[in-house]
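Structural overview
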Amino acid sequence: MGRVVVLTGAGISAESGVPTFRDSDGLWEGHRVEDVATPEAFERQPSVVQAFYDDRRAALAHVEPNPAHRALARLEQALGDDLLLVTQNIDDLHERGGSLRVLHMHGELLKALCNGCGGRFAWSGDLVDFPPCPGCAAIELRPDVVWFGEIPNDMDRIGAALQRADLFVSIGTSGAVYPAAGFVQAASAYGARTLELNLVPSEGSHHFDEARHGRAGEIVPAWVDELLGGGS
């Protein structure tokens, strides 16, 4: 089977009831992306941005992992360190579904980042009241989320994994957001086989060796069963 890199996007969490990043009208939960997902927005109206992510954080209590999340955890149990799960999602559904080795390239809702000391801290409450940093006591906490214009997390590690991968699989992604949209071409250039699992063909679907389309909660468990030889 070799080494497997799996990339997941909003589509896998959408089946659990997590809103996708942007609706068809270009808004995210009624907000322009420029107003809630850029460093400039945070500098301009920090309370609005903090409140927006506080609401998103609180909403996680009302969603649960779906069969696709649990299937990927089962694959990890079988492959161990030969599987790297990279997600563009900032929710914790992969972890609650049982996955232990998850790279959140766009950050995590359940963490806070201090602009003062650079520390990252588990965070389940609100930030809108601007609490002090647990590390340095500065009033510099923000959501530990990668905003537009910022560099995604763990790019060196992801790049190295793509070079070594025998199989790259993209699940529930639009194929429109870079750098993640370019992972399939990078993996292919290094010799990996590539597979798309998505509700509909993504913008980059033509770059994949194979594509299967349907609900993630159905096609991901079926693919994992196939990969593991039909095991349950």
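Residues numbered from 1 in each chain as written. Predicted model: local features only at pLDDT ≥ 70, side-chain atom pairs only at ≥ 80, totals over all residues. Heavy atoms only, no water.

Which entries qualify depends on this criterion: UniProt positions are given in the numbering used here, feature names are shortened, and annotations may be inferred rather than shown by experiment.
The name given to the chain in an unreviewed UniProt entry is NAD-dependent protein deacylase, and the organism recorded there is Nocardioides flavescens. Within the UniProt record for the chain, the comment given under Sequence similarities (unreviewed entry) is "Belongs to the sirtuin family. Class III subfamily." UniProt lists a comment for the chain under the heading Function (unreviewed entry), and it reads "NAD-dependent lysine deacetylase and desuccinylase that specifically removes acetyl and succinyl groups on target proteins. Modulates the activities of several proteins which are inactive in their acylated form."

**Quick word on the nonpolar core**
The nonpolar side chains of a soluble globular protein tend to be buried, and buried together. So the rule is basically this: To qualify as a nonpolar core, a set must consist of buried Ala, Val, Leu, Ile, Met, Phe, Trp, Tyr and Cys residues joined through side-chain atoms within 4.5 Å. For every residue, the accessible area (1.4 Å probe, protein chains only) is compared with the maximum for its type, and the residue is labelled buried under 20%, exposed over 50%, or partly exposed between those bounds. Think of it this way: any DSSP run of H or I at least four residues long counts as a helix, any run of E at least two long counts as a strand, and we number them from the N terminus.
Within the largest apolar cluster, 22 residues are counted, with the highest numbers of intra-cluster contacts made by V6, L72, V169, I171, L197, V220 and W223. Put simply, the parts of the chain that give this core at least two residues each are strand 1 (4–8), helix 5 (67–79), strand 4 (83–87), strand 9 (167–171), strand 10 (193–198) and helix 9 (216–227). In terms of nonpolar packing, the next biggest core, distinct from the first, is built from 17 residues, V5, L84, L103 and F208 among them.

**Details of helix 7 (residues 155–164)**
The condition is simple: Think of the arc as the fan of directions from the helix axis to the C-beta atoms. A contact between two residues is defined here by any heavy atoms of the two lying within 4.5 Å.
The set of residues buried in helix 7 consists of I158, A161 and L162. Along the long axis of helix 7, the arc covered by the buried residues comes to 100°, so they all point the same way. Summarising the contacts, the buried residues of helix 7 are in contact with strand 1, strand 4, strand 5 (102–104), strand 9 and helix 8 (183–189).

**Things to note about the domain arrangement of the chain**
The condition is simple: Where a domain begins and ends is set by an automatic assignment or by a domain database. A carboxyl oxygen of Asp or Glu within 4 Å of a side-chain nitrogen of Lys or Arg is what we treat as a salt bridge. By the criterion applied in these results, polar contacts are pairs of N or O atoms within 3.5 Å in which, for protein atoms, one can donate a hydrogen and the other can accept it, and in which residues neighboring in sequence qualify only through two side-chain atoms. In this count, Pro and Cys sit with the nonpolar residues alongside Ala, Val, Leu, Ile, Met, Phe, Trp and Tyr, while Asp, Glu, Lys and Arg are called charged and the others, Gly among them, polar.
Taken as a whole, the chain is organised into domain 1 (1–18 + 63–106 + 151–231) and domain 2 (34–62 + 108–145). Computed from C-alpha atoms alone, the centre-to-centre distance between domain 1 and domain 2 is 27 Å. Residue-level contacts link nine residues of domain 1 with 10 residues of domain 2. Here domain 1 and domain 2 share zero salt bridges between them. Put simply, domain 1 and domain 2 have three residue pairs in polar contact (both at pLDDT 80 or more) between them. For the side of domain 1 that touches domain 2, a count of residues per class yields two nonpolar, three polar and four charged.

**Some details on the sheet that holds strand 8 (residues 141–145)**
This is how it is decided: Strand pairing follows a simple DSSP-based rule, namely that at least 2 bridges must link the two strands. Axes here refer to lines fitted to C-alpha atoms; in helices the fit is confined to the stretch in contact. Angles between the N-to-C directions go from 0 to 180 degrees.
With antiparallel pairing, the three strands of this open sheet are ordered in space as 7-6-8. Two strands bound the open sheet, and with one partner strand each, they are strand 7 (120–122) and strand 8. Each neighbouring strand pair of the sheet contributes to a mean axis angle of 45°, computed without reference to strand direction. As judged from the five bridges shared by strand 6 (residues 107–114) and strand 8, these two strands associate in the antiparallel manner. By the bridge assignment for strand 8, L113 is matched with R142. Where helix 4 (residues 46–59) meets the sheet, its contacts fall on strand 6 and strand 8, and the angle it forms with strand 8 comes to roughly 55°.

**Topic: the sheet that holds strand 5**
The six strands are arranged 5-4-1-9-10-11 in an open sheet whose pairing can be described as parallel. Pairing within the sheet leaves two strands with one partner each, and these edge strands are strand 5 and strand 11 (210–213). For this sheet the average axis-to-axis angle between neighbouring strands, irrespective of direction, equals 15°. With respect to the sheet, helix 7 is in contact with strand 1, strand 4, strand 5 and strand 9, its orientation differing from that of strand 4 by roughly 135°. Contacting strand 1, strand 9, strand 10 and strand 11, helix 9 runs over the sheet at an angle of about 150° to strand 10.

**Focus on the packing of helix 5 against helix 9**
Counted only if it meets this: An angle counts as roughly parallel when it lies under 35 degrees, as roughly antiparallel when it exceeds 145, as roughly perpendicular when it falls between 65 and 115, and as oblique in every other case. Handedness of a helix crossing follows the sense of rotation of the near helix relative to the far helix, less than a right angle counterclockwise being left-handed and clockwise being right-handed.
Direction vectors running N to C along helix 5 and helix 9 enclose 20°, while the axes themselves pass 7 Å from each other. Classified by the interaxial angle, the pair formed by helix 5 and helix 9 is roughly parallel. Handedness of the crossing formed by helix 5 with helix 9: left-handed. The residues of helix 9 that touch helix 5, namely those facing P67, A68, A71, L72, R74 and L75, are A216, G217, V220, P221, W223, V224, D225 and L227. The class makeup of the residues in the contact of helix 5 with helix 9 is 11 nonpolar, one polar and two charged.

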